[in-house]
Amino acid sequence: MTHENTSGTHSLNFIEQIIEEDIKNDKHGGRVHTRFPPEPNGYIHLGHATSICLNYGLAVKYKGLFNLRFDDTNPESEDIEFVDSIRQDVHWLGVDWENREFYASDYFPQLYDFACQLIRNGKAYVDFSSAETIAEEKGTPTEAGKESQYRNTKPEENLRLFEQMKNGEFEQGTCTLRAKIDMASPNMLLRDPIIYRIKKAHHHQTGADWNIYPMYDYAHPVSDSLEGITHSICTMEFEAHRPLYDWYLRELGIFPSRQIEFARRNFNYTIVSKRNLKRLVNEGYVNGWDDPRMPTVAGLRRRGYTSQAIREFADRIGVARRENVADIGLLEFCVREHLNKIATRVMAVLDPIKVVITNYPEGKTEWLDAENNPENPEAGNRSVPFSRELYIERDDFMENPPKKYFRLSPQKEVRLKHAYIIRCDEVVKNEAGEVVELHCSYYENSKSGSDTSGISVKGTLHWVSAATARTAEVRLYDRLFTQPEPGAQEEDMTTFINPNSLQIVQTFVEPSLQEATLGQAFQFIRKGYFCLDKDSTPDNLVFNLTVNLKDSWKG
RNA sequence: UGGUCCAUGGUGUAAUUGGCAACACGUCUGAUUUUGGUUCAGAAGAGUCUAGGUUCGACCCCUGGUGGACCAACCA
């Protein structure tokens, strides 16, 4: 049975080619089973997100299965807080792992038994050498290592010692269980790698059950194998580990999962390494892991990015084996594309200047009809109040405008969105010569939808009626770094922190925004996409800028 | 200097496995528009790191360079 390329005209990436080849050869009965194996020691970020999309996407595309498996083999650095956040973030990304949520720690008993099997077969031994000695005897890439003095201990003795390790009869650090492979291998990872080490730490899943914990290189292939993972996809730095991955599965004679490596995705204007992310949080450059400037999934979500946009992004940047730096601008394109379809249009003035419509009756309020989304008529309409005193954006007025300026300037006309055409008659300034107020007149017959004035204007401005305006705090975000590759420079990344990555402004917004809810997407007309922040209260509305609207005005 | 991997417009991926390089983002024009958004039409921009070789023909195969990434945690 042949499987068609389900992406139609799209060509296959190298992983899909491998998978389709496997299916063609009826390997594993054509079955496809992938997994995402996060270590619960931090929040997941955009890099993880694209990897999740890759693994889950492949399972979906080939009608296979996807597992979420926590790689929790190091209790000293892991925490239940992170398994909770990861579970939540992966789910938010739109991934359904059904009931297949696993933990490497689920396999501790089997991992132990398999280790005993290796010992019995003379493929593993307990080594009492110190960490320093082991490092010394490991050799260097250019010279072979030396065999440990414990390398030829008899299996029965090793079995006994290993059991003592398990029973906590040795202190942490006194010995390890090592695989007996080849101390002269050009691949350092094959020079008798450690299989188990002693850690007398509390584990978030298994408590105090274990005194020994398996290393990643051992636990990972076995976990993959036990779960029947057909294609174990990871990043390039694990390429050198593959011979070891294969060695364990072969020696144990268990299901031969296959590891496939791809080049990790880097993104410009941000950093994505856990260590540096942690620094940003700990050293106070941002306000926590879910700070909207963080490239964490939690941060992106709070910023107003949608999971659809992230998935689309992951899809568009593709996957390959060469070094790459994806353009974060493409992610912005993807959110705009999605938000344009779903965001409710509203009016908000971020940097207000007052406008008085001198020929409009005092005390009068008109409720004007406004569409919620021109891209989606089903989104319906709402009413916005119009009155004599309004606010418009300060940079929508210029006293001495350049030729192509379409906005308001003395004696010029513009349309107020959903409302009337107005003319600027008078500019009111304070003693410092700053413009503080504009006096305008409106054309009564130019009302939006029933305009008979015959006046044509090139500019349309957003506005908010002063009397009914709500105040709101708006948090304007910019990229966290001013350098395209802040993590790849000589200087410390913090020297490239953008001092203007967060700007908080007090604004006036239309009254309908009082009803805004968490998770709802808005477009502040002519400005950008925004969402309510979790800090918001009915008395103090807070909005986050997700991404600006494209702006082709070069003024 | 031991091993492994990688190299295609500014960026990210393609090129049906050898038939004179495509798509997306970005950039630049123009049209439409009651968002300088969206949409639509179009343009510029690489001859595939380099030098040879095989071939009628090479981004693709071979050899040698060059450049870059990764590998010597009781981390993952």
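Look above for the structure.
What you see is a predicted model; the values in this text were computed from it and never measured.

In this section: the overall build of chain A. Looking only at helices and strands, chain A has 12 helices and 27 strands in total. Since a compact globule built from 555 residues should have a radius of gyration of about 24 Å, the 31 Å found for chain A marks it as more spread out than a globular shape. When its C-alpha atoms are laid out on the principal axes, chain A stretches across 100 × 60 × 40 Å. The proportion of buried residues among the 555 residues of chain A is 52%. For chain A, the share of sequence-separated contacts (at least 6 apart) that also reach a separation of at least 24 residues comes to 71%. Here chain A has roughly 25400 Å² of accessible surface; of this, 47% comes from carbon and sulfur atoms. Counting 66 positive and 83 negative side-chain charges, chain A places the centres of these two groups 4 Å from one another.

The subject of this paragraph is the sheet that holds strand β5 (residues 176-179). Taken in spatial order, the four strands make up an open sheet running β4-β5-β6-β7, and their pairing is antiparallel. In this open sheet, the two edge strands, each paired with only one partner strand, are β4 (124-127) and β7 (212-214). Taking the axes of each pair of neighbouring strands and ignoring which way they run, one obtains an average angle of 20 degrees across the sheet. Judged from the three bridges that link them, strand β6 (residues 194-198) and β7 form a sheet pairing that is antiparallel. When the bridges of β7 are listed, arginine 197 appears paired with tyrosine 213.

With that settled, the discussion passes to the nonpolar core. Counting 35 residues, the largest nonpolar core has Phe162, Leu177, Ile195, Tyr196 and Tyr218 as its most contacted members. Broken down by secondary-structure element, the contributors of at least two residues to this core are α4 (108-120), β4, α6 (155-166), β5, β6, β7, α7 (216-226) and α8 (242-252). Examining the composition of this core, we find that eight residues originate from one element, α4, more than from any other. If we skip the residues at most four places from it in the chain, tyrosine 218 touches Leu111, Phe114, Ala115, Leu118, Ile195, Tyr196, Tyr248 and Leu252.

Here we take up the protein's contact with RNA strand B. Around RNA strand B, 65 residues are found, and the nearest of them are Ile317, Arg322, Ser448, Gln523 and Arg526. Backbone atoms, meaning sugar and phosphate, form 62% of the atoms of RNA strand B found within 4 Å of the protein. Within the contact set of RNA strand B, a sugar or linking oxygen lies 3.3 Å away from a side-chain nitrogen or oxygen of aspartate 71. Between RNA strand B and the protein, one listed contact pairs a phosphate oxygen with a side-chain N or O atom of lysine 199 at 3.2 Å. For the surface near RNA strand B, the element with the highest residue contribution is helix α12 (residues 328-342), accounting for three residues. A class-by-class count of the residues in the surface near RNA strand B yields 22 nonpolar, 21 polar and 22 charged.

Here the focus is the side chain of aspartate 396. Following the sequence through the fold, aspartate 396 ends up in the loop between β17 (389-393) and β18 (413-416). If we skip the residues at most four places from it in the chain, aspartate 396 touches Tyr405, Arg407, Leu408, Leu461, His462 and Arg526.

Judged by side-chain charge, Lys404, Lys412, Lys458 and Lys554 come together as a positively charged surface patch. Its location among the elements puts lysine 554 in the segment after β27 (541-548). Taking the relative accessible area as the measure of exposure, lysine 554 reaches 73% and is therefore exposed.

The next point concerns the sheet that holds β18. Across the sheet, seven strands lie side by side as β21-β18-β19-β20-β14-β17-β22; this open sheet has mixed pairing. For this open sheet the edge positions go to β21 (460-461) and β22 (463-465), each flanked by a neighbour on one side alone. Bridge count for strand β19 (residues 421-429) against strand β20 (residues 435-442) is seven bridges, and the pairing is antiparallel. Paired with arginine 423 across the two strands is serine 441, which belongs to β20.

Conventions adopted
- Residues numbered from 1 in each chain as written.
- Chains lettered and ligands numbered in written order.
- Predicted model: local features only at pLDDT ≥ 70, side-chain atom pairs only at ≥ 80, totals over all residues.
- Heavy atoms only, no water.
- Helix = DSSP H or I, 4+ residues; strand = E, 2+ residues; numbered from the N terminus.
- Rg over C-alpha atoms; globule rule 2.2 N^0.38 Å.
- Buried < 20%, exposed > 50% of the residue type's maximum accessible area, 1.4 Å probe, protein only.
- Contact = heavy atoms within 4.5 Å.
- Areas by Shrake-Rupley, 256 points an atom, 1.4 Å probe, with all protein chains shown as cover.
- Lys, Arg positive; Asp, Glu negative; His and termini not counted.
- Charge placed at Lys NZ, Arg CZ, Asp CG, Glu CD.
- Pairing = 2+ DSSP bridges.
- Axes fitted to C-alpha atoms, helices over the stretch in contact; angles between N-to-C directions.
- Core = buried A, V, L, I, M, F, W, Y, C linked by side-chain atoms within 4.5 Å.
- Near = heavy atom within 4 Å.
- Polar contact = N/O pair within 3.5 Å; in protein donor to acceptor, adjacent residues only side chain to side chain.
- Nonpolar A, V, L, I, M, F, W, Y, C, P; charged D, E, K, R; others polar.
- Patch = residues over 30% accessible without salt bridge, like charges linked within 9 Å, V, L, I, M, F, W, Y side chains within 5 Å.
- Salt bridge = Lys/Arg side-chain N within 4 Å of Asp/Glu carboxyl O.

By themselves, these observations are geometric and do not establish any function.
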